[in-house]
Amino acid sequence: MKKLTIVLPTYNESGNIEKLINDIFAEQKNIANWELTILVVDSKSPDKTGEIVKKLQKKYHQLYLLEIEKAGLGKAYSEGFQYAFDHLNPYLMMEMDADISHDPRDIPKFVHGIEKGADLVIGSRYIKGGSIPKDWGLHRKIFSIFANLFIRFGFMKLTITDWTSGYRAIKSWVIKNLINHVKKYSGYLFQIAVIDEVLKTGGHVTEVPIKFKERKFGKSKISFIQYISGIVIYILTNSSFIKFVIVGLIGFVIDFGISYLLIEKLRFTVWVATLISAETAIVANFVFNNFWSFAHKKIEHSFKSYSGSFIKFNVVSSGSLIIQSVGIQLLVNFLGRKLWYLYKVLIIAFIIIPYSYVLYNKFIWKEKK
Ligand code: GDD
Ligand code: MN
C-alpha cells in the first residue's frame, strides 16, 4: 500500500486541530488503497496546539508531531517534508492549512489527480467549481485575484490559475529533488517557488477545484505588504518571461545604438547599417536568452545544436521584423503616420512578444523532459 502523508503546519490552531484531524482520518475509507498519515508541524504554539496533538496520538497511531521554532509557513513545510523523507517514507505528500479553510472531503480528488499521472495537483479557487469566501472584504478579493493574475502573466504560464494555494498534493521524490532550492523562500513565496520549480523541471501539474472557507477560530498570519513585495521580487528574478522581455529591450537599445552610430556618424548606406545592427542585436539576444532567460533549459553544448538553434533563432527574429514592418505600414496606411510610435509599441507588446516567446519555447529552448 502506498503511503500518503498530510503535512499540517500549525501556529495557534487549538480551536481547529482536533476536528481537522478527525475529519482527515475519516477520509481514509474513501482512499482505501492508500495508507493515510498526518504530520503536524507545530511552531511551539503558545495556545498548546501541540498538547492537543499529543493527546490525539493515543487514539491515532498514524499521527506524528514535529515541533519546531516559529519561522513562517515555508520553513514549517520544508522542515516537515524533510522529517517525512527521513522517517515516514511516503509516496505522496499533501499540504493543507490547519484552520479548516481546506475541506478534508477534497482529499480523494487530489489523490485521483496523482493516480492519473500528475506530479503535483493544486487545489484551485479560480477554476470552475472552486471559490474564494463570499464574505471576504472587497479589498481581499481583489488582492487575491489580482495577485494570481499577476503571477500567471508574470510567468506567462497561463494554465496554472492558483499559484498561492496552500492545498496541494505532490509526489515525494519530486519535492525531494527541489527542496534544497525552494527552502530558501520563506512564507508564502515557498508555495510559488514549488510550482515554478516543478514546471521548470518538466513535471506534470494539474488543478482540482476547491472552495476556500474563511477560518472560524484564530487569525490569519499573512502580511500583505510582505506578500506582494515578495511576489514581485520572485518574478523579476525567476520568470523566464520577464527576463526575455528585458533581453528584448537590451536588443532594442543595441539595434538603435549601432544604427545611429553607423548611419549618423559613419555615414554607412542605410540598408547595410540596418543589416549589421539588426544582426548584432539578434546575436546578443540569442546569447542572453540562452545563458540567462532560458538558462534552465539551455541548449546542449555542441557546435551542431548551437548552430541549428541559432539559425532557428534568426528565422524567428526575421519573422518578427517582417510582422513589425508590415504591421506598422498597414496601420500607418489606414490611420495616418502621426502616431507611428504608438503602433510600434502596440505591435511589439501584443504580437511580437507573445509570438517570439511561444516560438522560442516551442522550437529553441524546449522544456527538458
Ligand atoms: N508551524 C507553523 N509555523 N505554521 C504556521 C506558521 C508558522 O510560522 N504560520 C502559519 N502557519 C499555519 C497556520 O496555523 C495555518 O494552519 C496555515 O499555516 C495557514 O496560515 P494562515 O495564517 O491561516 O494563512 P492564510 O489563511 O492567511 O493564507 C492562506 O492563503 C494563502 C494565499 O492564498 C493559506 O491557504 C496559504 O497556504 C496560502 O498561501
Ligand atoms: Mn487561513
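A.B. asks: What is the right way to look at the pairing of strand β2 (residues 34–42) in this model?
C.D. replies: With respect to burial, β2 is a largely interior element, 8 of its 9 residues being buried. Relative to β2, strand β1 (residues 2–10) runs parallel, the two sharing 9 bridges. Within β2, the position partnered with I6 by the bridge is I38. What joins β1 to β2 is helix α1 (residues 17–26), and the crossover it makes is right-handed. With 5 bridges joining them, β2 and strand β3 (residues 63–67) adopt parallel strand pairing. Residue pairing in the sheet places V40 in a bridge with L65 of β3.

A.B. asks: Sorry if this is basic, but what is going on with the packing of aromatic side chains here?
C.D. replies: For any pair of aromatic rings, geometry is given as the distance between the ring centres together with the angle between the planes. Counted according to the given criterion, the structure contains 27 aromatic pairs. Ring centres of F286 and F310 lie 5.3 Å apart, and the angle between their planes is 70°; this geometry places the pair in the edge-to-face category. Highlighted residues: F286 in helix α10 (residues 270–293) and F310 in helix α11 (residues 303–335), separated in sequence by 24 residues. Note on F286: relative accessible area 7%, which makes it buried. Overall, the relative accessible area of 24% leaves F310 in the partly exposed class. Three or more aromatic residues link up through ring pairs in this structure, and these residues are F241, F244, F286, F294, F310, F313, Y357, Y360 and W365. Over the ring of Y11 we find K70, and its NZ or CZ is 4.3 Å from the ring centre. Taking the ring centre of F212 as reference, the NZ or CZ of R125 above it sits at 5.5 Å.

A.B. asks: Would you explain the packing of helix α9 (residues 240–265) against α10 in this entry?
C.D. replies: The relative placement of two packed helices comes down to the angle between their axes together with the axis-to-axis distance. For the pair α9 and α10, the least separation of the axes is 8 Å and the interaxial angle reads 155°. For the element pair α9 / α10, the angle class is roughly antiparallel. Considering how the two elements wind past one another, α9 and α10 form a crossing that is right-handed.

A.B. asks: Would you explain the domain arrangement of the protein in this entry?
C.D. replies: Interface extent is often summarised as the accessible area lost during association of the parts. Under the domain assignment used here, the protein contains domain 1 (2–223) and domain 2 (240–363). With centres defined by C-alpha atoms, the gap from domain 1 to domain 2 works out at 42 Å. The interface is formed by 5 residues belonging to domain 1 together with 5 residues belonging to domain 2. Carbon and sulfur atoms make up 66% of the surface buried where domain 1 meets domain 2, a total of about 400 Å² over both sides. Of all residues in domain 1, G154, M156 and K200 give up the largest surface area on contact with domain 2, accounting jointly for 81% of the area buried on that side.

A.B. asks: How do you make sense of the nonpolar core when you look at a structure like this?
C.D. replies: Nonpolar side chains in soluble globular proteins tend to be buried together. Membership of the largest hydrophobic core comes to 41 residues, with the highest contact counts inside it found for F81 and I175. Elements with a minimum of two residues in this core: β2, α3 (72–87), β5 (120–124), α5 (138–155), α6 (172–182), α7 (189–200) and α8 (224–238). Looking at this core element by element, the count peaks at 8 residues for α7. Counting 34 residues, the second-largest nonpolar core is a separate cluster that includes I24, I52, L63 and I114.

A.B. asks: Is there a simple way to explain the sheet that holds strand β4 (residues 92–95) in this structure?
C.D. replies: The strands that make up a sheet pair up through hydrogen bonds in the backbone, lying either parallel or antiparallel. What the 7 strands build is an open sheet, ordered β3-β2-β1-β4-β6-β5-β7; its pairing is mixed. Sheet topology places β3 and β7 (205–209) at the edges, where each strand pairs with a single neighbour. Shown here is a sheet whose adjacent strand axes are inclined to one another by a mean of 20°, direction ignored. The pairing of β5 with strand β6 (residues 168–171) spans 3 bridges and is antiparallel. Paired with L120 across the two strands is I170, which belongs to β6. This element, α6, spans β4 and β6 of the sheet and lies at about 85° to β6. Where α7 meets the sheet, its contacts fall on β4, β5, β6 and β7, and the angle it forms with β6 comes to roughly 45°.

What counts and what doesn't
- Residues numbered from 1 in each chain as written.
- Chains lettered and ligands numbered in written order.
- Predicted model: local features only at pLDDT ≥ 70, side-chain atom pairs only at ≥ 80, totals over all residues.
- Heavy atoms only, no water.
- Buried < 20%, exposed > 50% of the residue type's maximum accessible area, 1.4 Å probe, protein only.
- Helix = DSSP H or I, 4+ residues; strand = E, 2+ residues; numbered from the N terminus.
- Pairing = 2+ DSSP bridges.
- Right-handed = clockwise from strand over helix to strand, strands pointing away.
- Phe/Tyr/Trp six-rings, centres within 6.5 Å; stacked < 30°, edge-to-face > 60°.
- Lys NZ or Arg CZ within 6 Å of the ring centre and 35° of its normal.
- Axes fitted to C-alpha atoms, helices over the stretch in contact; angles between N-to-C directions.
- Parallel < 35°, antiparallel > 145°, perpendicular 65-115°, else oblique.
- Left-handed = near helix turned anticlockwise from the far one by under 90°.
- Domains from an automatic or database assignment.
- Contact = heavy atoms within 4.5 Å.
- Buried area = accessible area lost by both parts, 1.4 Å probe.
- Core = buried A, V, L, I, M, F, W, Y, C linked by side-chain atoms within 4.5 Å.

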